Amino acid sequence: MIVGTLNHCEKYYAMGEDIKKALEFLKTHDIRTMADGRYDLEGNVLSTDSVLNLNAKENQNIRILVQRYTTRTIDTCWFEGHLKYIDVHYVAEGSEYFCYTPIDRAGKPKTEYCQEEDDFLYDRDYETAVLMQPGDFAIVYPEDIHMPQRRALFPSNVVKACIKIAIPE
């Protein structure tokens, strides 16, 4: 897992062209003014559905999901892991704990793999929690089991983008 701020994101461009494109999108688009839904890299609306369906007809290597929610207690959150996508989580407004544990210590998934959303769900305590505030991002790879949307001391209304970057097969 990599955590940074958008103000200093250029150093992460070395991680590849798709990471660079995702971070550049966040720098050039005000997520707070975008409606919930899925977007392409030009900012065009692909769907107003707030659930990310990776099998949807729009076949993009990079998809942006804009969402609004109120952070939740740890007992109503879940750990997730992916096989085919890298996630870039970006908080535009509000704050949340973003929890992490390496896959080697995550144990067995509690759900079968869901191809439509590219995820397994895990039942596990976290090892690391990062308080993400406006302008912060986290990049997670398939070996990074993570729990977004966890509240800190009090619930927070969050505006967030989750960018999915396909891993070349």
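Bear in mind that the values here come from a model prediction, so they are computed numbers and not experimental data. (Residues numbered from 1 in each chain as written. Predicted model: local features only at pLDDT ≥ 70, side-chain atom pairs only at ≥ 80, totals over all residues. Heavy atoms only, no water.)

Comments concerning the pattern of salt bridges
The criterion, for reference: Basic side-chain nitrogens of Lys or Arg form a salt bridge, by our definition, when they fall within 4 Å of a carboxyl oxygen of Asp or Glu. Secondary structure elements are taken from DSSP: a helix is a run of H or I of four residues or more, a strand is a run of E of two residues or more, and numbering for both begins at the N terminus. Working definition: with a 1.4 Å probe on protein chains only, accessible area under 20% of the residue-type maximum means buried, over 50% means exposed, and in between means partly exposed.
Tallied over the full model, the rule gives 7 salt bridges. For glutamate 10, the salt bridge identified is with lysine 27, shortest N-O distance 2.5 Å. Note that glutamate 10 is positioned in the loop between β1 (2–5) and α1 (17–28) and lysine 27 in helix α1, a separation of 17 residues in sequence. The partly exposed category is assigned to glutamate 10, whose relative accessible area is 38%. Exposure remark for lysine 27: the relative accessible area of 38% places this residue in the partly exposed category.

Considerations on the packing of aromatic side chains
Each aromatic ring pair is summarised here by two numbers: the centre-to-centre distance and the angle between the ring planes. What counts here: Stacked, tilted and edge-to-face are the three classes assigned to paired rings of Phe, Tyr and Trp, where Trp is represented by its six-membered ring and a pair needs centres within 6.5 Å; plane angles under 30 degrees give stacked, over 60 edge-to-face, the rest tilted.
Considering all chains together, one arrives at 2 aromatic pairs under this definition. Taking the centre distance of 5.7 Å and the plane angle of 85 degrees together, the rings of tyrosine 12 and phenylalanine 137 count as edge-to-face. With tyrosine 12 in the loop between β1 and α1 and phenylalanine 137 in strand β10 (residues 136–140), this pair connects stretches of sequence that are 125 residues apart. There is no split in this pair, since tyrosine 12 and phenylalanine 137 are both buried. Relative to phenylalanine 120, the ring of tyrosine 113 has its centre 5.0 Å away and its plane inclined at 45 degrees; by these criteria the two rings are tilted. Classification of phenylalanine 120 by relative accessible area gives buried; the value is 18%.

Things to note about the pairing of strand β4 (residues 62–70)
Heads up, the rule is: Paired strands, as defined in this entry, are two strands with at least two bridges between them according to DSSP.
Counting buried positions along β4 yields 7 of 9 residues, so the element is predominantly enclosed. With 3 bridges connecting them, strand β2 (residues 37–39) and β4 associate as antiparallel partners. From the neighbouring strand, glycine 37 faces β4, where its bridge partner is valine 66. Direction of pairing for β4 relative to strand β12 (residues 157–166): antiparallel, over a ladder of 9 bridges. Looking at the pairing, threonine 70 lines up with asparagine 157 of β12.

Some details on the nonpolar core
The condition that has to hold: We call a set of buried residues a nonpolar core when its members are Ala, Val, Leu, Ile, Met, Phe, Trp, Tyr or Cys and they connect through side-chain atoms within 4.5 Å of each other. Here, two residues are considered to be in contact whenever any of their heavy atoms come within 4.5 Å of each other.
With 25 residues, the main nonpolar core has Leu23, Leu26, Ile31, Val88, Phe137, Ile163 and Ile165 as its most contacted residues. Taken together, the elements giving at least two residues each to this core come down to α1, β4, β6 (85–93), β10 and β12. At 5 residues, α1 tops the list of elements feeding residues into this core. If we skip the residues at most four places from it in the chain, valine 88 touches Ile19, Ala22, Leu23, Leu26, Phe137, Ala138, Ile139, Ala161, Cys162, Ile163 and Ile165. Within the second largest apolar cluster, 8 residues are counted, among which are Phe79, Cys99, Ile145 and Met147.

Focus: the sheet that holds β6
Stated formally: Between the N-to-C directions of two axes lies an angle of 0 to 180 degrees, each axis being a line fitted to C-alpha atoms and, for a helix, fitted only over the stretch in contact.
As summarised here, the arrangement of the 7 strands in space is β1-β10-β6-β12-β4-β2-β3, forming an open sheet in which the pairing is antiparallel. The outermost strands of the open sheet, each flanked by one partner alone, are β1 and β3 (45–47). Across the sheet, the axes of successive neighbouring strands diverge by a mean angle of 25 degrees, strand direction being ignored. Pairing between β6 and β10: 4 bridges, direction antiparallel. Within β10, the position partnered with aspartate 87 by the bridge is valine 140. Against the sheet, α1 touches β4, β6, β10 and β12, its axis set at about 155 degrees to β12.

As for the environment of cysteine 9
Tracing the backbone through its elements, the reader meets cysteine 9 in the loop between β1 and α1. Classification of cysteine 9 as buried rests on a relative accessible area of 0%. With sequence-adjacent residues up to four places away left out, cysteine 9 is seen in contact with Leu23, Lys27 and Phe137.

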